[in-house]
Amino acid sequence: MRTRDRDGTGGSCAALPAPRPREIPIKEGKVKPGKFFRGGKRVGDRQDQTPDPHPESHPGHPRGVGAGDRPSPPGSAPLRPHRRLRDLPGPRARPAAPPLRREEPPRTPGPLPDVVVGQGPVAGGARLRGTGAGTASGTPKPSGVTPTKSTASGVSPRKGTTTGPPKTSGVSPTKAIARGPPKGSETPPWKGTTAGPPKPSGVPPPKGTTAAPSRSSTTTGPPKGSTAPPVRGSATPPSPGPSRRGGLRDGDPAATAPAPTVTKVAVRRRKVVRKKVVKKKVLRKKPEAPAAPQEPPCPPLGLESLRVLDEQLRASSHKRHGLGAHRGRLNIQSGLYDGDFYDGGWCAGHEDTRQWLEVDARRLTRFTGVVTQGLNSIWTYDWVTSYKVQVSNDSHAWLPSRNGTEEAVFPANKDPETPVLNLLPSPLVGRFLRINPQSWFPNGTVCLRAEVLGCPVPDPSDAHAWHPPPPPDSQLDFRHHNYKEMRKLMKRVSEECPDITRVYSIGQSSRGLRLYVMEISDNPGQHEVGEPEFRYVAGMHGNEVLGRELLLNLMEFLCREFRRGNPRVVQLVTDTRIHLLPSMNPDGYETAYKLGSELAGWAMGRWTYEGIDLNHNFADLNTALWDAEDNDLVPHEFPNHYIPIPEYYTFANATVAPETRAVIAWMQRYPFVLSANLHGGELVVTYPFDMSRTYWKAQELTPTPDDGVFRWLATVYATANLAMASGERRRCHYDDFTRHGNIINGHGWLWRRGPRDAWVAVGVWVTALSLHQRPQRCTGGRGAVGDSAVPAQVAPETRAVIAWMQRYPFVLSANLHGGELVVTYPFDMSRTYWKAQELTPTPDDGVFRWLATVYATANLAMASGERRRCHYDDFTRHGNIINGANWHTVAGSMNDFSYLHTNCFEITVELSCDKFPHASELPEEWENNRESLLLFMEQVHRGIKGVVRDSDTEQGIPNAIISVDGINHDVRTASDGDYWRLLNPGEYEVTARAEGYEAATQPCRVYFENVPTPCSFRLARGRHRPGRTRPGPDPALRLQRLRLRRLRAHGRGN
């Protein structure tokens, strides 16, 4: 019967052989707690384990004379004196073997003797227990163990040891000998090794030298006062070589040596040793088995991404067509008009619990969850607060989702926009799924938007209906990458193609995340004269993630195809310097990424960490240009290109995001020619201008019939206000109201900030409030707006104020705000506001339209004849392209800034109706956009290119101006004098001029082939005429450099 002692090791109830004395590891005669020594080193120090075949030839070797200098393993702790026999660890398990020829005589257990240090074989010749070697922590080797060859002690030699005839010195050729140096040697034993008694040579061991512990043999002698002759019964058949365990052969001179002098040494306390043993056990603990891979969650069916068609959606009823079942899609957006034909969700025609929204998956599906939102509207607040779910195979018999024995009721939304996911208690298999609202917002009605999660199930009865999707390209990484994963992918691509790639950073985000760029070129890191520079920018809005993943896949694709020798890719990489910025707003992306594809909503992660919309954060250069054009100052006194940054934009307190500063500096560092800004949420390509020129007409005076009275009332307050009337007052932000007497018509000022999202919300609130101030709304009922009855959700504060207005016959009132020093008067809404959505072309409108058309026609999703509108705008009638200002006006966009401040032509590509598509949809999106991405990059070679040189020195002239007759927009040469000008096919008169040089003009013809036409210039220095002053430096260029220095300085200060 086996037992287990206190140390956790196995023991035996049978009679055990007599224990041996145990050697204690010490050093220099001192015992340090917690220190084990192995061959003169502490345990844990790196030590060569290869045996020395001739230890006697290295008297000073740190491993001394053999294996006797090895300590006991950590599992074999030193024993205290008089330890009970049952506490001793049992012998290690050995494989079964035939019995020995002679059995070892039985021994009577006795008390533990004092631990000694000595020389000679172990009493009884038995092996001490240890990890692969004998130590003092074990018991004598019992009989019946298989003898091993080349040993005299019954222990097989360690791998790598040398066996053979004994040396003349009597020392084993292995390092497993525990005796001292050879007889007659003058070499003292090494520090920490086991020294025997003095040899006839009379050379004693150095003072303080003690024996080191051993794994393979022991150097301890018999207990004090006892004798231990070699046990004949434990002998093995004769072996040609000595034993590496310290056992001696018959006839060895050392076997007849007198018993060594016994020396007692201090014993280490068991408490310290137990602590060490526990630590070793923890380190040696086997790692747990890896968890079984979990099944990936089911993807969405595709209500948001329009994979689910309109005819697959049905409802019990609807309020009107604009609120039908086909509008009940997650994140769908409503139009600006109340009662729009395309509204922001499904609304039931009745307010009861029998209403439902049904989704037909068109195949057996394992439904796992539902995501819901409320109605998207700027006029009302409606959402569902709870619902039930049923499934069916035939749309007649319905099976409810149950939570145990009861029908499950799922909690839904608490506001209109935040998505809420509910997983079913157990998946339900069927073809149809219904969402049955049970409760809704008290002051609203039954309205919702939804997405359904489910996995298709093969139908064995219809083999033709089961078409598995084609396997994606396994060499591309189709998944969503967070910041760390994005860096790893870019590093991997750079390592795979080091000759054509380079990764660099252009700056940091608000939270310190770097904006990494991948450069792909045949000579990465340097600009080649005549080679155009191209860029793709994605992730300006952090929640619009498809562009980010497309650029990461594009890096992999270009690297792989270039290595394969794809001629199209090789030519593109050789002739173009490509820069890919996959994430301009990494902070926003991380916010959306943590929520996931279906729960990020429409706006979560759009802004930076500081709450800035980067697409409205660039300097507004359009206003300065148009003001100068209205005053006939362009291009003689005001430039039509390289327009300097406004002074207010360089102030220290200007709201400029660090991401924006980084991109502006990036634009200045590289002479980009063509660019695309990748967004999401629609399927359309927009081109500049993004800001409407007649947008300012929306700030027109919109007077009331009592305009004179309102102006007088506003003037009374403004003139009596000391701050407003002060002659030393300055503008609070950017508007100068002093020229109007510190009063202004409400809409003439409020809508000026219309493109800014925050001010749009304010403007909409004012509009809604004016509509709410109708008698029908004051009682909390429903009033008519236009010709449609629309439910109105009014805040309780607003209802209270309206009731207050009705209760008292107020004559005059003032509403006190803050943030400016001005008095406004009605009307606050412009009558012609919607005229801001009008075509506002650039001088290069034809080129921009061509560039937008190239991308749109090559995009499979945009060019599909079955595509439907994403939200409410139908862009197919425009060829899926539109002028940015004609869609919605945006002040401070990157497209306009890039066109007016640099040479770069930039468009915006809205890639998908779904801003954050599920990972399962990424392979299809890559196929939709792959050809478009490549074809658009090739357009950088369209037009003319050349070098402007000095006719005397042949050196390139930087910042030379290239003008094309008939186009009121110029470009400038780069630092090497080279330039690129995108043009459509045709003949042009091109003029090159530079400061201090005579202008030169020549005709250049652009062909239909996508190959640039060379058009270079050699300019002669201008002669100074007497009586005429020399022209000074270009004032526009000098002002631009000054403003950029200020902008960079404030950026570093932040």
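This one's a predicted model, so the numbers in the text were calculated from it and none came from an experiment.

Participant: Any chance you could break down the overall build of the protein for me, citing the residues and the numbers?
Facilitator: Helix and strand counts for the protein stand at 19 helices and 36 strands. Per-residue burial over the protein gives 51% buried out of 1054 residues. The contacts of the protein with a sequence gap of at least 6 include a subset with a gap of at least 24, amounting to 77%.

Participant: Describe unusual backbone geometry, listing the residues and the values that go with them.
Facilitator: Across the junction of Val634 and Pro635, the peptide omega takes the value 0 degrees, indicating a cis bond. Considering the arrangement of structural elements, one finds Pro635 in the loop between α6 (622-630) and α7 (658-669). Notably, Leu306 is not glycine yet its phi reads approximately 70 degrees, a positive angle. Structurally, the position occupied by Leu306 is in the loop between α1 (270-283) and β7 (313-315). Of note, the phi angle at Glu954 is positive, near 65 degrees, even though the residue is not glycine.

Participant: Give me the nonpolar core: which residues, what numbers.
Facilitator: Membership of the largest hydrophobic core comes to 99 residues, with the highest contact counts inside it found for Tyr536 and Trp666. The element that contributes the greatest number of residues to this core is helix α3 (residues 546-564), accounting for nine residues. Ignoring anything within four residues of it in the chain, the contact list for Trp666 reads Tyr504, Ile506, Val517, Arg535, Val537, His579, Leu581 and Phe672. If you look at the next biggest cluster of nonpolar residues, it comprises 28 residues, including Val308, Trp346, Ala348 and Leu357.

Participant: Tell me what's going on with the sheet that holds strand β34 (residues 1000-1006), and back it up with residues and numbers.
Facilitator: Across the sheet, four strands lie side by side as β31-β30-β33-β34; this open sheet has antiparallel pairing. Each end of this open sheet is capped by a strand with a single partner; those strands are β31 (967-972) and β34. Going across the sheet, the axis of each strand differs from the next one's by a mean of 30 degrees, ignoring polarity. The sheet contact formed by strand β30 (residues 961-964) and strand β33 (residues 986-993) spans four bridges and is antiparallel. Within β33, the position partnered with Ile961 by the bridge is Arg993.

Cut-offs used in this document
Residues numbered from 1 in each chain as written. Predicted model: local features only at pLDDT ≥ 70, side-chain atom pairs only at ≥ 80, totals over all residues. Heavy atoms only, no water. Helix = DSSP H or I, 4+ residues; strand = E, 2+ residues; numbered from the N terminus. Buried < 20%, exposed > 50% of the residue type's maximum accessible area, 1.4 Å probe, protein only. Contact = heavy atoms within 4.5 Å. Core = buried A, V, L, I, M, F, W, Y, C linked by side-chain atoms within 4.5 Å. Pairing = 2+ DSSP bridges. Axes fitted to C-alpha atoms, helices over the stretch in contact; angles between N-to-C directions.

Remember that the coordinates give geometry; whether it matters functionally is a separate question.
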